[in-house]
Every structure is written in C-alpha cells, then in structure tokens.
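Single-letter residue listing:
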Amino acid sequence: MDTGVTIPLPWPWKISPTMSFVRKGTRGLSDFAITYLHAATLVFHVKVVECLDLSVDVPRLTARQKECLSWVLKGKSSWDIGIIRGITSNTVDFHIKGAMKRLGAVNRMVAAKKAEQLGLIEPHWLF
C-alpha cells in the first residue's frame, strides 16, 4: 500500500496546480515530513513561476469560439457541436478555425488544450 500527500499550489488563473508525493509502505508521513514537503513544494513552485513569461498577452476568444473549443475538448465533432448548439457544422468550423488562428494552434485539439491551459475555457476532467 502506498501513502502520500497532495499539496495545492497558489495560482491566479482558473487551473489549480498541485504537487503530489507518494511513499511506498503502510506507514503514513509524519507531520514534520508533510511540513517539509509543503515548504519544498512552495520553493519549487516559486522557481518555476519565475521562469514563466507571464507578460505574454493571452489571446482573446469570442464566446462562441470558447464554447466550440470546450466541446472539442470533450471529444465532440463539428457535426455534434452543431447539433448541440443549433448551428451548422460549417459555422462551428469557422469559430474553431478563428480560435486556432488566435491561439497559433495547428489543429482543433491543440487549440482546445491551449485554451484550457490559458484558463480561457474550463478544464475537462476525465474520470
């Protein structure tokens, strides 16, 4: 049996980064170990954030572009999205292509993942 701890990291956008530590064996982690891991995690997180270029402008997407990318992230085709939203698949493709251009993405899934990572659309959790 493995035991572990997951430590949430501070982040101003919609995503919630965490760092997890797992230990083999049935013994749990001591309070000291958890406190130490928490401090080490925060130091690591600060160093990573210092390496990020947060001054980069986040592209702006229209509401329809965000909506279409959200459905792409859930594995829906343009035809599916069109049926769900009551628009044609050509209109869906128009919005997705516009989002791809603004995000500098090579395909629809890359655009959807990039929009998710930038906090432009809600994350899609697979369980």
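Everything quoted here is computed from the prediction, not taken from an experiment. (Residues numbered from 1 in each chain as written. Predicted model: local features only at pLDDT ≥ 70, side-chain atom pairs only at ≥ 80, totals over all residues. Heavy atoms only, no water.)

Participant: How should I be thinking about the environment of Ser30 in this particular structure?
Facilitator: Take Ser30: it is sitting in the loop between β2 (18-24) and α1 (31-51). Among the polar contacts made by the side chain of Ser30, one reaches the main-chain amide nitrogen of Ala33 at a distance of 3.0 Å. (Helix = DSSP H or I, 4+ residues; strand = E, 2+ residues; numbered from the N terminus. Polar contact = N/O pair within 3.5 Å; in protein donor to acceptor, adjacent residues only side chain to side chain.)

Participant: Any chance you could explain the packing of helix α4 (residues 89-103) against helix α5 (residues 108-117) here in plain terms?
Facilitator: The axes of two packed helices give the description: the angle between them and the distance between them. The interhelical angle for the contact between α4 and α5, taken along N-to-C directions, is 65 degrees, at an axis separation of 9 Å. Handedness of the crossing formed by α4 with α5: left-handed. Here Asp93, Ile96, Met100 and Leu103 of α4 lie close against α5, whose contacting residues are Arg108, Ala111, Lys114 and Ala115. In the contact of α4 with α5, the residues fall into five nonpolar, no polar and three charged. (Axes fitted to C-alpha atoms, helices over the stretch in contact; angles between N-to-C directions. Left-handed = near helix turned anticlockwise from the far one by under 90°. Contact = heavy atoms within 4.5 Å. Nonpolar A, V, L, I, M, F, W, Y, C, P; charged D, E, K, R; others polar.)

Participant: Honestly, the packing of helix α2 (residues 63-73) against helix α3 (residues 78-85) in this entry has me stumped. Any pointers?
Facilitator: Running from N to C, α2 and α3 cross one another at 125 degrees; their axes reach a closest spacing of 10 Å. Comparing their axes, α3 and α2 come out oblique. Of the two possible hands of crossing, α2 and α3 adopt the one that is right-handed. Facing α2, whose interface residues are Arg64, Glu67, Cys68, Trp71 and Val72, α3 presents Ile81, Ile84 and Arg85. (Parallel < 35°, antiparallel > 145°, perpendicular 65-115°, else oblique.)

Participant: Sorry if this is basic, but what is going on with the pattern of salt bridges here?
Facilitator: Proximity of charged atoms lets side chains of opposite charge pair with each other. One pass over the full model with this rule turns up four salt bridges. Overlapping salt bridges bring together Arg64, Glu67 and Arg85 as one network. (Salt bridge = Lys/Arg side-chain N within 4 Å of Asp/Glu carboxyl O.)

Participant: In this structure, what is going on with the side chain of His45? I would like to understand it.
Facilitator: Here His45 lies in helix α1. Residue classification places His45 among the buried residues on the basis of a relative accessible area of 10%. With residues near it in sequence (within four places) discarded, His45 still touches Leu9, Pro10 and Trp11. (Buried < 20%, exposed > 50% of the residue type's maximum accessible area, 1.4 Å probe, protein only.)

Participant: How should the packing of aromatic side chains be read in this particular structure?
Facilitator: What describes a pair of aromatic rings is the distance from one ring centre to the other and the angle between the planes of the rings. Here the structure, examined in full by the defined rule, presents zero aromatic pairs. The cationic tip of Lys74 hangs over the ring face of Trp71; the distance from NZ or CZ to the ring centre is 4.8 Å. (Phe/Tyr/Trp six-rings, centres within 6.5 Å; stacked < 30°, edge-to-face > 60°. Lys NZ or Arg CZ within 6 Å of the ring centre and 35° of its normal.)

Participant: Is there a simple way to explain the nonpolar core in this structure?
Facilitator: Looking at soluble globular proteins, one finds that nonpolar side chains tend to be buried together. Judged by nonpolar contacts, the single largest core of 17 residues is most densely connected at Leu61, Leu69, Ile81, Ile96, Leu103, Ala111 and Ala115. When residues of this core are traced back to their parent elements, those giving at least two are α2, α4 and α5. In this structure, Leu103 is in contact with Pro59, Leu61, Leu69, Ala111, Lys114, Ala115, Leu118 and Leu120, ignoring residues within four places of it in sequence. (Core = buried A, V, L, I, M, F, W, Y, C linked by side-chain atoms within 4.5 Å.)

Participant: Can you walk me through α1 in this structure?
Facilitator: Helix length check: α1 (21 residues) gives 31 Å between terminal C-alpha atoms against 30 Å at 1.5 Å per residue, within 8%. Taken together, the buried positions of α1 are occupied by Leu37, Thr41 and His45. Each buried residue of α1 sits inside an arc of 75 degrees when the element is viewed along its axis, so together they form one side. Exposed positions of α1 whose direction lies more than 90 degrees from the buried face are Phe32, Thr35, Tyr36, Val43 and Glu50. Elements that come into contact with the buried residues of α1 comprise β1 (2-8) and β2. (Expected span 1.5 Å × (residues − 1). Arc of directions from axis to C-beta.)

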